[in-house]
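Structure at a glance
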Amino acid sequence: MATSVAPLTTTVMNSVPQNRVGIASGINNAVSRAAGLIAIAALGVIMIHVFNYALDRHLAPLGLSPQTRQMLDAQRANLAAVSLPPEISATTAAQITEAIDDSFVAGFRAVMLIGAALAAASAFVSLFLIHGKTRRTKH
């Protein structure tokens, strides 16, 4: 996405009359910042949901004690930074750590797939909706 900022800004600035460049720049900046905030919020919600779903799936067969399960549930918002209680065995700790890691990767994968799909969709839309001006070269 960082590689698209300069060309997008150039396109916006070149598409308006010279006396409106300041307004176009302000609108471009405001829209890009708002879009970034909305994307982070929306993708964050998706990350949390996928992580929680995957973590429930991974923890179910482990047969954890209610206390351990309650402690893990209280820390779900920490995602991969969950701290484990010291009283659990090393084997159980390794299984829980693997479940947390796998759940984080599942959430990250979902967010990246959505990002890739949106990038592909925007490329497809631009292919059909943005018509370039042909430039005449001087000989």
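Scroll up to find the structure this text is about.
Residues numbered from 1 in each chain as written. Predicted model: local features only at pLDDT ≥ 70, side-chain atom pairs only at ≥ 80, totals over all residues. Heavy atoms only, no water.

Per the secondary structure count, the chain includes four helices and zero strands. For the chain, the succession of helices and strands along the chain, N to C, is α-α-α-α. Expressed as a percentage of the 139 residues in the chain, the buried residues total 19%. Considering only contacts within the chain whose residues lie at least 6 apart along the sequence, 54% involve residues at least 24 apart. Carbon and sulfur atoms make up 66% of the accessible area of the chain, which totals about 10,300 Å². (Helix = DSSP H or I, 4+ residues; strand = E, 2+ residues; numbered from the N terminus. Buried < 20%, exposed > 50% of the residue type's maximum accessible area, 1.4 Å probe, protein only. Contact = heavy atoms within 4.5 Å. Areas by Shrake-Rupley, 256 points an atom, 1.4 Å probe, with all protein chains shown as cover.)

With that settled, the discussion passes to the pattern of salt bridges. Think of it this way: side chains of opposite charge can pair up when their charged atoms draw near. Within the structure shown, the criterion is met by four salt bridges. A salt bridge links Arg 69 to Asp 56; the shortest N-O distance between them is 3.0 Å. With Arg 69 in helix H3 (residues 66-74) and Asp 56 in helix H2 (residues 21-59), the pair connects residues that are 13 residues apart, well separated along the chain. Here Asp 73 and Arg 69 are joined by a salt bridge, their closest N and O atoms 3.6 Å apart. Within this pair, Asp 73 and its partner Arg 69 are both found in helix H3, separated by four residues, close to a single helical turn. Several salt bridges share partner residues, and in doing so they unite Asp 56, Arg 69, Asp 73 and Arg 76 into one network. (Salt bridge = Lys/Arg side-chain N within 4 Å of Asp/Glu carboxyl O.)

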